[in-house]
Amino acid sequence: MKTMLNALKDRRLELGAAADAAPQGNWRSARDADGVVWLVLDRPDKSVNVIDRAVLEELNAHLERLEAERPRAVVIRSGKSAGFAAGADIRQFTGASIEDMQRLLTEGHAVFDRLERLSSLTIAVIHGHCLGGGLELALACKRRIATADATLGFPEVMLGLHPGLGGTFRSIAVADPVEAMTMMLTGRSLPARKAKSIGLVDAVVEERHVAAAVRAAAAGQLAGAKADLKDRALSLRPARSFAASRMRKTAAEKAPKEHYPAPYALIDLWEAHGGDRKAMQAAEIDSFARLITSDTAQSLIRVFFLREAMKGQKQGKSAIRHVHVVGAGAMGGDIAAWAAKEGFDVTLADVANASIGKAVKAATKMLQATLKDPVKVRDALDRLVPDPQGHGVRHADIVIEAVPEKLELKRSIYAAIEPRLKEGALLATNTSAIPLDELVAGLRDPSRFVGLHFFNPVSRMQLVEIVSHAAIHAETRRRAIAFATELSRLPAAVASAPGFLVNRSLTPYIAEALILADEGIPKERIDHAAEAFGMPMGPIELIDQVGIDVALDVVDGLRPVMHGFPQAPEWLRQKRADGKLGRKSGEGLYRYDSEGKPAKQSLDALPDSAPNDPDIADRLILPMLNAVVACLREGVVEEEDIADGAMIFGTGFAPFRGGPIHYARRRGIAEIVARMEALAERHGERFKPDAGWSDLEAR
Ligand code: NAD
């Protein structure tokens, strides 16, 4: 079966092929009255510039001509309003061998080296985003002029890579080396002025002053920013080794080397060759080619495409402007704030005024943290209108209900709201577990009803499950998907089955953790096994995080689809009865300090006699995989890729593993099935492989 992801890649390939054959080319060249040649990158087939082989080959041809013409200055800039360039086209990185990559990179380096050697003064004029390969192109110029709106960065590390077209050695040569390394190690972009302060650009000007700035530069009046004592010290190995060991420590706090090798490879590269540009160039090519062919990078590139595929489900616009939210609790308050942040007009209702007050306070905090700019925060807060009387219902294009998880309460709210809804308005629920077919009973027009299952916290969890039911109209579903993407969230269409996809799959993982704890295995050991697999948080800590009360409701609620799992242990119910609910009450399975951090015992401090099981990781992860497979078989979710994306963006499932199904395929389906059968023999029915595994193997 052709997956959505492959279809997307094919489409891009077709586009790419069409562009290669297109007569107009990717670059335009013109000479101005001052004798300055302007080379404008403007890919005809794309809304943003990306750097690929065709772009580099054409640039090479222009450089050959310019070497003969010897103009006094050459300006490189972009013809796209969005920015200079978004980076290299990562499509060319999938499935290539190390040797292919080395060849491709060596060719690319030769072009940028040629640009660097050009006798004319070369000036990159940078506006908007200038990322990855785009920044490497700018760095091969002798001067860089940025407009005030520019942002510059190396996001490669997020794909399990480091810069590969000369960025590693050129960035440290023009900018403060430690700042340049930090930029490459974190993947964070810098605004123009900050980029200037570290030496990455030589001048920052308003767009209207670009022509004058270029004239001044061409007249030799723009000196390159650079080179102080610290740089010279760091050209010596002992100083670099000292700085490198600090960088390794910081990197280790963020991501372990075995799962995310790129930052460590970059640090090694710099430590070994930071004082020798030629050696660093050769080593960069080698290191990049090795990283790109690693499982980590290939999985992270897959995650990039999964995100695109999920966004690409959008067809047309939602036609939603005004969002009315009923219930200003943990979820409703967050959803309302996020919608206001994304530019929607929002009214927020609740029976309790205190809930609305708390929600607005939390919204202010979230908006300050995400928007940063006080004017934008004020504008977003202006769009978020407290509405205790619910006047907003009559004007809303969508009403989202987020009141407590009680069927009758939700139904009574719909009964009061539906008659007041505008023509064409949608009615949505954020329920986590109540079947939608039960919620629609009593609605006059169930076709406009849909589930929008957001995850907590909305500002961080990108997934929204778009839940259907028997009576939904296709247009409702289409608009809901469009609305989720307009909210900058990633939609996954699911059927209204217990727990939908994500909670259904995550619950066996949590339930198995409780069984392991019941066997006496220390909770730190259980959490560690999951974290070592790559989960963002161990299951025991996760239970505390969602709350023992909520976790018990979910585990109990999903029992009908959790074959062979025993009841949750009695000691957990006792904790709920004692009010030890987890992080929110200061104690649950762990105790929490005033900052909400759990007191965990170090694994080394555990007594030798503490129970253990070498199968902990498989016992946690395989039941989760089994549930995803069951969801695919039952049609709860249709596409493997959407299932993988939903688990990554809804639960944080180890991104470097590319999603549960991708992981299963890489590890080998037959191997996993055999493993589950062995575990079933030892521990019982709950490990029995779902019938869907054989469908998966057949695909
Ligand atoms: P919550 O208890 O934090 O908030 C519910 C809010 O609804 C409260 O402020 C309450 O005052 C208000 N409310 C109660 N009756 C009302 C009425 N008749 N009219 C208007 N407001 C009323 O609950 P929550 O955690 O935000 O959950 C809301 C919904 O979201 C539930 O269906 C839940 O299953 C779902 N959900 C929760 C999470 C989560 O992690 N908390 C995640 C996804 C989905």
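Before going into details, it helps to say that this report is about the structure given with it.

So, how was this worked out
Residues numbered from 1 in each chain as written. Predicted model: local features only at pLDDT ≥ 70, side-chain atom pairs only at ≥ 80, totals over all residues. Heavy atoms only, no water. Helix = DSSP H or I, 4+ residues; strand = E, 2+ residues; numbered from the N terminus. Rg over C-alpha atoms; globule rule 2.2 N^0.38 Å. Buried < 20%, exposed > 50% of the residue type's maximum accessible area, 1.4 Å probe, protein only. Contact = heavy atoms within 4.5 Å. Areas by Shrake-Rupley, 256 points an atom, 1.4 Å probe, with all protein chains shown as cover. Expected span 1.5 Å × (residues − 1). Core = buried A, V, L, I, M, F, W, Y, C linked by side-chain atoms within 4.5 Å. Domains from an automatic or database assignment. Pairing = 2+ DSSP bridges. Axes fitted to C-alpha atoms, helices over the stretch in contact; angles between N-to-C directions. Near = heavy atom within 4 Å. Polar contact = N/O pair within 3.5 Å; in protein donor to acceptor, adjacent residues only side chain to side chain. Nonpolar A, V, L, I, M, F, W, Y, C, P; charged D, E, K, R; others polar.

**What about the overall build of the protein chain?**
For the protein chain, the helix and strand inventory stands at 29 helices and 18 strands. What you see for the protein chain is a C-alpha radius of gyration of 28 Å, in line with the 27 Å of a compact globule of 699 residues. For the protein chain, the spread of C-alpha atoms along the principal axes amounts to about 80 × 65 × 50 Å. Taken over 699 residues, the protein chain has a buried fraction of 56%. Partitioning the contacts of the protein chain with sequence separation of at least 6, the portion at a separation of at least 24 is 72%. Accessible surface computed for the protein chain: about 29,400 Å², of which carbon and sulfur atoms make up 53%.

**Details of helix 25 (residues 616-634)**
Taking 1.5 Å of rise per residue, 19 residues should cover 27 Å, and helix 25 covers 28 Å from first to last C-alpha, within 8% of that figure. Judged by how many residues are buried, helix 25 sits mostly within the fold: 16 of 19 residues are covered. Positioned one or two residues after helix 25, Gly635 has a phi angle of 80°, which is positive.

**Quick notes on the nonpolar core**
By size, the foremost hydrophobic cluster in this structure holds 89 residues, and its most contacted members are Tyr509, Leu620, Ile621, Leu625 and Trp693. The greatest single-element share of this core, amounting to 10 residues, is contributed by helix 25. The residues that make up this core include at least three from each of domain 2 (322-502) and domain 3 (503-636 + 668-698). Setting aside residues no more than four positions away along its own chain, Tyr509 makes contact with Ala530, Met535, Met537, Gly538, Pro539, Leu542, Leu620, Ile621 and Met624. The next biggest cluster of nonpolar side chains, apart from the first, holds 60 residues, and it includes Leu66, Ala124, Leu135 and Ala138.

**Describing the sheet that holds strand 11 (residues 322-326)**
Ordered in space as 13-12-11-14-15-16-17-18, the 8 strands form an open sheet in which the pairing is mixed. Of all strands in the sheet, those with a lone pairing partner are strand 13 (384-386) and strand 18 (490-494), marking the two edges. Here the strands of the sheet are splayed against their neighbours by 25° on average, with no regard to which way each runs. Looking at chain direction, strand 12 (residues 345-349) and strand 13 are connected through 3 bridges and run parallel. Paired with Leu348 across the bridge in strand 13 is Pro386.

**Digging into the environment of Ala654**
Mapped onto the elements of the fold, Ala654 is located in the loop between helix 26 (640-651) and helix 27 (660-667). You can call Ala654 buried: its relative accessible area is 0%. Ala654 sits 355 residues away from Ser299 along the chain, and the two C-alpha atoms are 9.8 Å apart. Setting aside residues no more than four positions away along its own chain, Ala654 makes contact with Phe533, Gly534, Met535 and Gly659.

**Focus on the site of the ligand**
For the ligand, the set of nearby residues contains 23 residues, the closest of which are Met331, Asp350, Ser355, Glu405 and Lys410. Here Ala330 contributes a backbone N or O atom positioned 2.9 Å from an oxygen atom of the ligand. Here an oxygen atom of the ligand and a side-chain polar atom of Ser432 are 2.9 Å apart. Protein contacts shield 74% of the accessible area of the ligand, which totals 830 Å² for the unbound molecule. Put simply, the parts of the chain that give the shell around the ligand at least two residues each are helix 14 (330-341), helix 17 (407-417) and strand 16 (449-454). Ranked by residue count, the leading element in the shell around the ligand is helix 17, at 3 residues. For the shell around the ligand, the per-class residue count stands at 12 nonpolar, 8 polar and 3 charged.

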